[in-house]
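If you want the building blocks of each chain, they are given just below.
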Amino acid sequence: MTETTAATKAAPNRLLALWSSVIGKKVIMAVTGAVLILFVLAHMVGNLKIFSGPEEINAYSRFLREVGWPELGYGQLLWIVRSVLFVCAILHITAATQLTILNRQARPVEYESRKNVETTWGAMTMRWGGVLLAVFIVFHLFHFTGGMVGFQPGQFEHLMVYQNVVAGFQVWPISLFYIIAMGALCLHLDHGIWSMLQTLGWVNLDNTKSLRGVSRVVALIIFAGFISVPISVLAGWVR
Ligand code: HEM
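Residues numbered from 1 in each chain as written. Predicted model: local features only at pLDDT ≥ 70, side-chain atom pairs only at ≥ 80, totals over all residues. Heavy atoms only, no water.

Thoughts on the confidence of the model for the protein
Model confidence for the protein is summarised by a mean pLDDT of 91, while 90% of its residues fall at 70 or above. Within the protein, no element has a lower average pLDDT than helix α1 (residues 3-20), which sits at 73, and none a higher one than helix α6 (residues 161-169), at 98. (pLDDT = per-residue confidence, 0-100. Helix = DSSP H or I, 4+ residues; strand = E, 2+ residues; numbered from the N terminus.)

Structure follows, in structure tokens:
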């Protein structure tokens, strides 16, 4: 066997070994989490265009579909991004579920003395917050991407993001659900970014405090950026 063939054969085996080990699953969670955080940050910044008026944000929505033309067809880059996000979300959730199961198998009975430990609280909010976020994302896609829920018949118009967001958030229970989900996202990111930095080996004795602070500040910025939209619609500042 040539060296190249041996290397090609070894690559999938290495990937499989990575997926099978606990540290490998953690690395996969960290890397896919990083991709998802970048998307969330970009999405939050894009949403803030609503404060510049309807033309600006509606043009941005068209741009997201037209970008890459003529090399790429209408919406093709968007579909590539959607596929990457979908794969990352599935890998992230699968690795998290498997790690939870492995953790339970390793320690079926909770240590009495550890019940109040911070990591246990962190892990609990990560799991249930993660489930809430998954429910939120499915609802969100049916809501603002598909216009299939939360709108009167004929109210939702494709590519009219400004009008859709204003009409969508005038339904206060939906706005409240978004704000609660953004709270869950904030908690998830606060702990998640910190875990990611640890898994990737970027935390040491000198930077522990500052990197913990960075995780918290990023999570809070994302929270404030997202909730500013439903709050502004409910308050009548954006209408
Ligand atoms: C207040 C918070 C949010 C608002 C107002 C909002 C608004 C929107 C709008 C208007 C669209 C449709 C854009 C278009 O069709 O051009 C959209 C799409 C989307 N949003 Fe959000 N979003 C929020 C939070 C989130 C969060 C927290 C996530 C993920 C964790 C998320 C993930 C997505 C995804 C995956 C899409 C579909 C993109 C696509 O494939 O077209 N959104 N959002």
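Structure shown, so let's carry the discussion forward.
Quick word on the site of the ligand
Looking at the ligand, there are 21 residues lining it, with His43, Ser61, Arg65, Arg82 and His140 nearest. Here an oxygen atom of the ligand and a side-chain polar atom of Arg82 are 2.3 Å apart. Between the ligand and His140 there is a distance of 2.7 Å, counted from a nitrogen atom to a side-chain nitrogen or oxygen. Taken together, the elements giving at least two residues each to the shell around the ligand come down to α2 (22-47), α3 (54-66), α5 (118-145), α6, α7 (172-199) and α8 (208-235). (Near = heavy atom within 4 Å. Polar contact = N/O pair within 3.5 Å; in protein donor to acceptor, adjacent residues only side chain to side chain.)

Here we look at the nonpolar core
Formed by 35 residues in total, the largest nonpolar core has its most connected members in Ile50, Phe169, Met182, Leu185, Leu189, Ile222 and Phe226. Looking at this core, the elements that each hand over two or more residues are α2, α5, α6, α7 and α8. The element contributing the most residues to this core is α7, with eleven residues. Excluding residues within four positions of it along the chain, Ile222 makes contact with Val40, Leu41, Met44, Leu185 and Leu189. (Core = buried A, V, L, I, M, F, W, Y, C linked by side-chain atoms within 4.5 Å. Buried < 20%, exposed > 50% of the residue type's maximum accessible area, 1.4 Å probe, protein only. Contact = heavy atoms within 4.5 Å.)

A few points about unusual backbone geometry
Cis rather than trans, the peptide bond between Trp69 and Pro70 has omega equal to 10°. As for its placement among the helices and strands, Pro70 is situated in the loop between α3 and α4 (76-106). The phi dihedral of Leu159 is positive, around 75°, even though this residue is not glycine. By the element assignment, Leu159 lies in the loop between α5 and α6.

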